[in-house]
Each structure stands twice: as C-alpha cells, then as structure tokens.
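One-letter residues, chain by chain:
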Amino acid sequence: MKDYSTKIAYITGGSSGIGLSLARELVKRGAKVVLIARDRDRLEHACNALESLTTGRHRNVSIVSLDVSNIDQVREMLPKTVELSGAPDILVNSAGIGYSNYFERIPYEKFMDIININLIGTWNSITVLEPYMRDKGGTIVNISSIAGFLGIFGSTAYSASKFGVIGLSEALRGELKRYGISVSVLCPPDTDTPQLAEENKTKPAETKALSGKAKPMSSEAVAKACIRGMEKGKFMIIPGSSGKVIYLEKRLFPSLVNWRIDILIQRAQRDLKKNGIY
Ligand SMILES: NC(=O)c1ccc[n+]([C@@H]2O[C@H](COP(=O)([O-])OP(=O)(O)OC[C@H]3O[C@@H](n4cnc5c(N)ncnc54)[C@H](OP(=O)(O)O)[C@@H]3O)[C@@H](O)[C@H]2O)c1
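Okay, so let's go over this structure. Here the structure is a predicted model, which is why all the values come from computation and not from measurement.

What counts, and where the lines are drawn
- Residues numbered from 1 in each chain as written.
- Predicted model: local features only at pLDDT ≥ 70, side-chain atom pairs only at ≥ 80, totals over all residues.
- Near = placed C-beta within 6 Å.
- Helix = DSSP H or I, 4+ residues; strand = E, 2+ residues; numbered from the N terminus.
- Core = buried A, V, L, I, M, F, W, Y, C linked by C-beta atoms within 7 Å.
- Buried ≥ 20, exposed ≤ 12 C-beta atoms within 10 Å, placed from the backbone.
- Contact = placed C-beta atoms within 7 Å.
- Expected span 1.5 Å × (residues − 1).
- Pairing = 2+ DSSP bridges.
- Right-handed = clockwise from strand over helix to strand, strands pointing away.
- Arc of directions from axis to C-beta.
- Axes fitted to C-alpha atoms, helices over the stretch in contact; angles between N-to-C directions.
- Parallel < 35°, antiparallel > 145°, perpendicular 65-115°, else oblique.
- Left-handed = near helix turned anticlockwise from the far one by under 90°.

1. Structural notes on the site of the ligand
- Around the ligand, the structure places 31 residues, and the nearest of them are Gly13, Gly17, Arg38, Asp39 and Gly96.
- Those elements that place two or more of their residues in the shell around the ligand are α1 (17-28), α4 (108-133) and α6 (194-200).

2. Details of the nonpolar core
- Ranked by size, the top nonpolar core spans 63 residues in total, and within it Ala9, Ile11, Ala23, Val33, Leu35 and Ile36 carry the most contacts.
- In this structure, Ala9 is in contact with Leu26, Ala31, Val33, Pro88, Asp89, Ile90 and Val92, ignoring residues within four places of it in sequence.

3. Looking at helix α10 (residues 254-274)
- Here α10 contains 21 residues, and its C-alpha end-to-end distance of 30 Å stays within 8% of the 30 Å for a straight helix at 1.5 Å per residue.
- Counting buried positions along α10 yields 0 of 21 residues, so the element is predominantly exposed.

4. Remarks on the pairing of strand β6 (residues 181-186)
- Of all the 6 residues making up β6, 5 are buried; the element is thus mostly covered by neighbouring parts of the structure.
- Two elements, strand β5 (residues 138-143) and β6, share 6 bridges in a ladder whose sense is parallel. Residue pairing for β6: Val141 is matched across the bridge by Ser184.
- In this fold, the crossover linking β5 to β6 by way of helix α5 (residues 156-176) has right-handed handedness.
- Pairing between β6 and strand β7 (residues 236-237): 2 bridges, direction parallel.

5. Quick notes on the sheet that holds β6
- Strand order in the open sheet formed by 7 strands is β3-β2-β1-β4-β5-β6-β7, and the pairing between neighbours is parallel. With partners counted over all chains shown, the strands left at the sheet margins are β3 (61-65) and β7, one partner each.
- In terms of strand pairing, strand β1 (residues 8-12) meets strand β4 (residues 90-93) through 4 bridges, oriented parallel. Among the inter-strand pairings, Tyr10 is bridged to a residue of β4, identified as Leu91.

6. Quick word on helix α2 (residues 40-51)
- Here α2 is 12 residues long and its end C-alpha atoms lie 16 Å apart, about the 16 Å a rise of 1.5 Å per residue gives.
- Among the residues of α2, those classed as buried are Leu43, Ala46, Cys47 and Leu50. Seen along its axis, α2 keeps its buried residues to an arc of 100°; they face one direction. Within α2, the exposed residues directed more than 90 degrees away from the buried face are Asp41 and Asn48.
- Residues of α2 that are buried in the fold lie against α1, β2 (32-37) and β3.

7. Here we look at the pairing of β1
- With respect to burial, β1 is a largely interior element, 5 of its 5 residues being buried.
- Neither face of β1 is left uncovered, since the one carrying Ile8, Tyr10 and Thr12 and the one carrying Ala9 and Ile11 both have all their residues buried.
- By the bridge criterion, 5 bridges tie β1 to β2 in an arrangement that is parallel. Residue pairing across strands places Ile8 opposite Lys32, the latter belonging to β2.

8. A word on the environment of Ile115
- With respect to the secondary-structure elements, Ile115 resides in helix α4.
- Along the sequence, Ile115 and Ala221 sit 106 residues apart, while their C-alpha atoms lie 27 Å from each other.
- For Ile115, the contacting residues outside a window of four places in its chain are Ile120, Ala160 and Ser161.

9. Examining the packing of α4 against α5
- Between α4 and α5, whose axes approach to 8 Å, the crossing angle comes to 15°. It follows from the interaxial angle that α4 and α5 lie roughly parallel. Considering how the two elements wind past one another, α4 and α5 form a crossing that is right-handed. Across from Lys110, Phe111, Ile114, Ile115, Asn118, Leu119, Thr122, Trp123 and Glu130 in α4, the residues of α5 making contact are Ala157, Tyr158, Ala160, Ser161, Lys162, Gly164, Val165, Leu168 and Leu176.

None of this, on its own, says anything about what the molecule does.
If you want it as structure tokens, here you go:
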C-alpha cells in the first residue's frame, strides 16, 4: 500500500456514496482529507465517522460546505481552505446528481441543474484548485460514468454532463502534464449509493431492462478500484469487468452495441405494450 501520510485529498461530494468511500480509503491509508458538499449536517456526520478511523492527535478530516455549481462560493471558499489545510495533492470531483427519465419529461431546469453540478461544478473546482497544485504536482480524478461514453436511454441530461466530464478530462490531461499533475477519469457502473436510489424512482422501464439483473457495485469496491487506477497512473479507470467490456465494444464495434441495445429496448417496449403500460 502506498504511503499517503503526507498527502492532502480534496473530495467534492465527499459526504456520501463514492466520494465518502474514497475519503474512507484515503484516511485509512494515512491521508488528510477535505470533504466538500452542500449539506453541513451530512458533512459533519461523515467527518465524525472518518475521524473515528484515525488514531493520531491531529485532525485528519475537515469539511467545507459549498455548492460546486456556484463559482462565487467556490472562488471565495476554496482558497481560504487551502490557507487553512494546505494545497491538495489529490483532487477528486465526485459531487454530482443523477436523474433518469424520458427526454420529454426532463424540464429545462432539471437539465441545467445536472449540467451545472456535474460538468460546470467539476470545472469550477479544478479552475480554483489546480493553480495551488502546480508547485508540488498531484492527481486530479474526475468522476464520470459508463453513461459518459455510452448514451444511455433515459439519461439525455446525465449522459450529456458525463460525456462532458470525459472530454474536459481528456483535454486537460495533456495540458497539466507540464505541472506534474496527472488527470484520471473514473467511470463507475451502477453503484449502490443514495444517487442510484434517487435515479431509480423515475427511471424508464426500458432503462431498467437494459441493466437486466446486474447487481450494482458497492461504493467501497469502486473506491478501491479508483485508488488502484490512480496509483498506476491510468487515465480511464473503469471499475468492474462489464464496464470494461462495454467500453471496448463501444470503441471497436459501435454499430453492434447500438443494434444490441435497440433490440433490448424494443423487447422491453413490447412487454410494456402487452401490459398496457406503454
Ligand atoms: N451511483 C452510481 O450508480 C454512479 C454511477 C456512475 C457515476 N456516478 C457518479 O459518482 C459521483 C458520486 O455519486 P454517488 O452515487 O456517490 O452520489 P451520492 O451518494 O448522492 O453523493 C453525491 C455527493 O455529491 C454532493 N453534491 C451533490 N450536489 C452538489 C453540489 N451542487 N455541490 C457540492 N456537492 C454536491 C452530495 O452532497 P450534498 O447533496 O450535501 O451537496 C454528496 O456528497 C457522481 O458524480 C455520480 O454522477 C454514480
């Protein structure tokens, strides 16, 4: 296991799900973490849980309550955090929201929320924190999704935001090399977190049919795969085997992937019609 005892990790979305699991793994490895999210109660709860894992007298976990999609808050609060806690060696952009529904049922406001938090929020934290990372170098991990390289039925807004995160990361990867900052993008499959539970409330039946009986991954397994990928300096980190297969198939045989998806969707729609739901 790599020594993280001199490392500081800033984790947006660190109060829940994948971000919190990543924070836990990094704290266990000796890192200091700064958790960033909106809800202060959830942040404090996460902070206490993580502090209980540490044995030293120094505080290893701090929290910042802000909305990553609000550039004024990000510009005001993150430099102050750097002054107090030090510049990040690792920046993980995990703050995000999910929403799944038919295109015509996603209102403009929802679409904009998803783009503003998932994509613009990622840009916001990088633009403020990356200059502080230049002297010592470091790692930036942006969280996209399988829906970031495969347009998924019911995910027009979410896929648009997550394709954007991959594009941003891929372009940035080359640019930040000169500062010794590596950029990775994590593309988890369905993961058992509050976000997935929220998405499932409005997910179209066709989208559920596409996932079939596949069990979501645990956020702990995703976090461990992320750390392994980061340590190997991988750009594209895809936890689990099915996501890796989809990624390769999509690159090599895009028409075949679309054809298979269309068949599954048609089947689901036939069943819905039979049951009088469609
Ligand atoms: N779960 C999945 O199946 C899955 C699959 C692929 C990718 N992902 C991606 O993985 C990342 C983490 O998702 P998760 O499943 O772990 O979700 P989660 O458990 O709902 O956690 C989301 C985190 O983001 C924070 N957040 C949301 N909006 C924010 C904002 N505007 N400003 C600051 N913080 C904000 C939340 O705290 P507050 O609400 O208090 O702000 C929370 O800490 C997301 O980018 C998600 O799209 C998830």
